[in-house]
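If you want the building blocks of each chain, they are given just below.
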Amino acid sequence: QGDLPVRTIDKSIELNASPARVWEVLTTPGLIPRWAGAFSPGANAESDWKTGGEVLWKNRDGKLMMRGEILEARPSEVLKVEFRPEQNTHMPEIG
C-alpha cells in the first residue's frame, strides 16, 4: 500500500463552559454526536476515554470510519487522540 501522508489537525476554540462540562460533552455517548457531526454528518465515537484506550469513529450507519489511540486523557484537563493512516482506510476528507 505504501506510506500514506500524515496530516495533523489542530483545532482549538474558547468555550463558555467549565472544564468538567467540556469533558462531559466530549466523552458522554449521548452527547458525542452533537460535535462529531462536524467531522462527518451522523458520526459517533466509541471509547472508554482512558489513556491507552481505543477510539472507534463510526458513521451514521454504524460502519467503522477511523480508529485511534488515546495518548493522554485526564478528565477535565486534556484529551489527546492519535489516528494512524494505516489503520484508517475510510478516513473522510476534512477541508
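See above for the structure.
Here goes a summary of the coordinates provided. Because the structure is a prediction, the values reported are computed rather than measured.

A few words on the nonpolar core. Burial of nonpolar side chains together is a common tendency in soluble globular proteins. Counting 12 residues, the largest nonpolar core is built from W23, I32, A36, A43, A45, W49, V55, W57, M65, M66, I70 and A73. Listing elements by their share of this core, those giving two or more residues are α2 (32-36), β2 (54-58) and β3 (64-74). Per-element tally for this core: the top contributor is β3, with four residues. Setting aside residues no more than four positions away along its own chain, W49 makes contact with W23, L26, T27, I32, V55, I70, A73 and L79.

Take the pattern of salt bridges next. What the rule picks out here adds up to five salt bridges. Residue R74 is joined to E72 by a salt bridge in which the shortest nitrogen-to-oxygen separation is 2.7 Å. By relative accessible area, R74 is classed as partly exposed at 38%. With a shortest N-O distance of 2.6 Å, R74 and E77 are connected by a salt bridge. What makes E77 exposed here is its relative accessible area of 58%. One network of salt bridges, with partners in common, ties together E72, R74 and E77.

Conventions used here
Residues numbered from 1 in each chain as written. Predicted model: local features only at pLDDT ≥ 70, side-chain atom pairs only at ≥ 80, totals over all residues. Heavy atoms only, no water. Core = buried A, V, L, I, M, F, W, Y, C linked by side-chain atoms within 4.5 Å. Buried < 20%, exposed > 50% of the residue type's maximum accessible area, 1.4 Å probe, protein only. Helix = DSSP H or I, 4+ residues; strand = E, 2+ residues; numbered from the N terminus. Contact = heavy atoms within 4.5 Å. Salt bridge = Lys/Arg side-chain N within 4 Å of Asp/Glu carboxyl O.

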